[in-house]
Amino acid sequence: MPRTLIRKNPSNFKTLPLFVEATPEGLTYQSVGMPLNFAQTLQRRKPVSVADAERFALELANLGVSVRLTLHWQNRDYWVLVRQRRQDRGDVVLKLISGYVPAHELNIPLHTAIQEIAEECLLETPEGWLGGRFNDTWLPAPYSSALHYREALPFRLTPLSGSARPVRCANLQLLERPRAYVHLPTASLQLIYDLRLEVPKEAKSLSLFHVDERLEGDQLVARLDRKRPDLYLMPLQDGEPLAELYTLKKGQLYPAGTRGLYLAESFAKQDGWLVREERIRWKDWLRQQGLTPPEKPTGLARLRGKAKQLLKKIVPRKKVSS
């Protein structure tokens, strides 16, 4: 049964509409108007259009932030994706860890991104849940009232190289140079930070879980469902993704099905500063990246695998004499 970790009043969240100016050299945003609550923001997230993908000025509903998180575990790198049922769009996708930037953090969206990692990406060991550090700063432990966090053995977050084109909040250039795009279907500006999460070698029997807030009545509720970890790993080879998905439970990787799978719009093709799609099919993204999914084992190969497992159970191992 899913475990409730925290409840929030959504009316406490406030963000601000944006005025965005884009040129081939860079993008600048600044807040306009009065603060909006969550419901008011959703009402403003309606499709917009521009004539030139590289040069435009328009008002947008909100600023969103995402993290392309590279998890380093057992000498391998993986991209971290989370499964989300998007209530405002009526679909289910795998996406990057992401969230809305509140009004008081519009000029420091990296802070929001780090908090989203702490809230959405949970790392469990038999001794408790791992806390984290970004450089020398401790990440928040948002569910400390419900979960036992280990004080020692934190994971470490570090920034990776960012986008070539600068992004500014008014006159302030954002550090770590996030990738930026305007998502036309939702009239939002989206920033993507590249960060690396290094799991300490001493963290054994690791499991990963995604926790996301959902609007239920007049409350935002975050729940942990062990039967649906909803956090997926895409392995990298020489920094490039492979056409594979896994979940991680007690130190073991388990292949995840991809039939009928969609990825969020951050994986869709970007034209200048614009992304026009709501989502992209997994198969279409693989084709776009020139990736080939691994071949499924034949019936004979599966039988051989089962036979080997049975033999291991039936035939006792020989004792090594001292």
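That block above? That's the structure.
In this report, we go over the structure that sits alongside the text. Because the structure is predicted, anything quoted here is derived from the model rather than measured.

1. So, the overall build of the protein chain
A tally of helices and strands in the protein chain yields four helices and 26 strands. On C-alpha atoms alone, the protein chain measures out to a radius of gyration of 22 Å, which is about the 20 Å that the 2.2 N^0.38 rule sets for 322 residues. Across its three principal axes, the protein chain shows a C-alpha extent of roughly 80 × 45 × 40 Å. Within the span of the protein chain, comprising 322 residues, buried residues form 46% of the whole. Sequence separation of 24 or more characterises 64% of the internal contacts of the protein chain that already satisfy a separation of 6 or more.

2. Some words on the sheet that holds strand S14 (residues 172–173)
Spatial strand order, S4-S2-S3-S13-S14: five strands in an open sheet with mixed pairing. Each edge of the sheet is formed by a strand with only one pairing partner; in this case those strands are strand S4 (56–60) and S14. In this sheet, strand S3 (residues 26–31) lies alongside strand S2 (residues 18–23) in antiparallel orientation, the contact comprising six bridges. Within the sheet, the bridge partner assigned to glutamate 21 lies in S3 and is threonine 28.

3. Comments concerning the pattern of salt bridges
Under the definition given, this model contains 14 salt bridges. Where aspartate 77 meets arginine 196, a salt bridge forms, and the shortest distance between an N and an O atom there is 3.4 Å. Highlighted residues: aspartate 77 in strand S6 (residues 76–86) and arginine 196 in strand S16 (residues 188–198), separated in sequence by 119 residues. Within this structure, Lys8, Glu119 and Glu213 form a network of salt bridges that share partners.

4. A look at the nonpolar core
Of all hydrophobic cores here, the largest spans 56 residues; its most connected members are Tyr29, Leu69, Ile117 and Leu189. With six residues, the top contributor of residues to this core is strand S5 (residues 62–73). In terms of nonpolar packing, the next biggest core, distinct from the first, is built from 21 residues, Leu96, Met234, Ala243 and Val275 among them.

5. What about the pairing of strand S19 (residues 219–224)?
Remark: a regular strand shows side chains that alternate across the two faces of the sheet. As defined by bridge partners, strand S1 (residues 3–8) adjoins S19 across five bridges and the pair is classed as antiparallel. Following the sheet pairing, arginine 3 is matched in S19 by leucine 224. The sheet contact formed by strand S18 (residues 213–216) and S19 spans four bridges and is antiparallel. Across the sheet, glutamate 216 pairs through a bridge with glutamine 219, a residue of S19.

6. Points about helix H2 (residues 109–120)
Within an α-helix, residues lying three or four positions from one another point in the same direction, as the helix has 3.6 residues per turn. For H2, which comprises 12 residues, the first-to-last C-alpha distance of 16 Å matches the rise-based estimate of 16 Å (1.5 Å per residue) to within 8%. Counting buried residues in H2 gives 10 out of 12 residues, a clear majority hidden from the surface.

7. Topic: the packing of aromatic side chains
Per the counting criterion, the structure on display carries six aromatic pairs. Ring geometry for tryptophan 73 against tyrosine 78: centres 6.4 Å apart, planes inclined by 50 degrees, an arrangement best described as tilted. For tryptophan 73, a relative accessible area of 6% puts it in the buried group. Chaining the aromatic ring pairs together yields one cluster made of Phe13, Phe38 and Tyr100.

8. Focus on the sheet that holds S19
Across the sheet, three strands lie side by side as S1-S19-S18; this open sheet has antiparallel pairing. Unpaired on one side and paired on the other, S1 and S18 mark the two borders of the sheet. Averaged over neighbouring strand pairs, the angle between their axes works out to 35 degrees when direction is ignored.

What counts, and at which threshold
Residues numbered from 1 in each chain as written. Predicted model: local features only at pLDDT ≥ 70, side-chain atom pairs only at ≥ 80, totals over all residues. Heavy atoms only, no water. Helix = DSSP H or I, 4+ residues; strand = E, 2+ residues; numbered from the N terminus. Rg over C-alpha atoms; globule rule 2.2 N^0.38 Å. Buried < 20%, exposed > 50% of the residue type's maximum accessible area, 1.4 Å probe, protein only. Contact = heavy atoms within 4.5 Å. Pairing = 2+ DSSP bridges. Salt bridge = Lys/Arg side-chain N within 4 Å of Asp/Glu carboxyl O. Core = buried A, V, L, I, M, F, W, Y, C linked by side-chain atoms within 4.5 Å. Expected span 1.5 Å × (residues − 1). Phe/Tyr/Trp six-rings, centres within 6.5 Å; stacked < 30°, edge-to-face > 60°. Axes fitted to C-alpha atoms, helices over the stretch in contact; angles between N-to-C directions.

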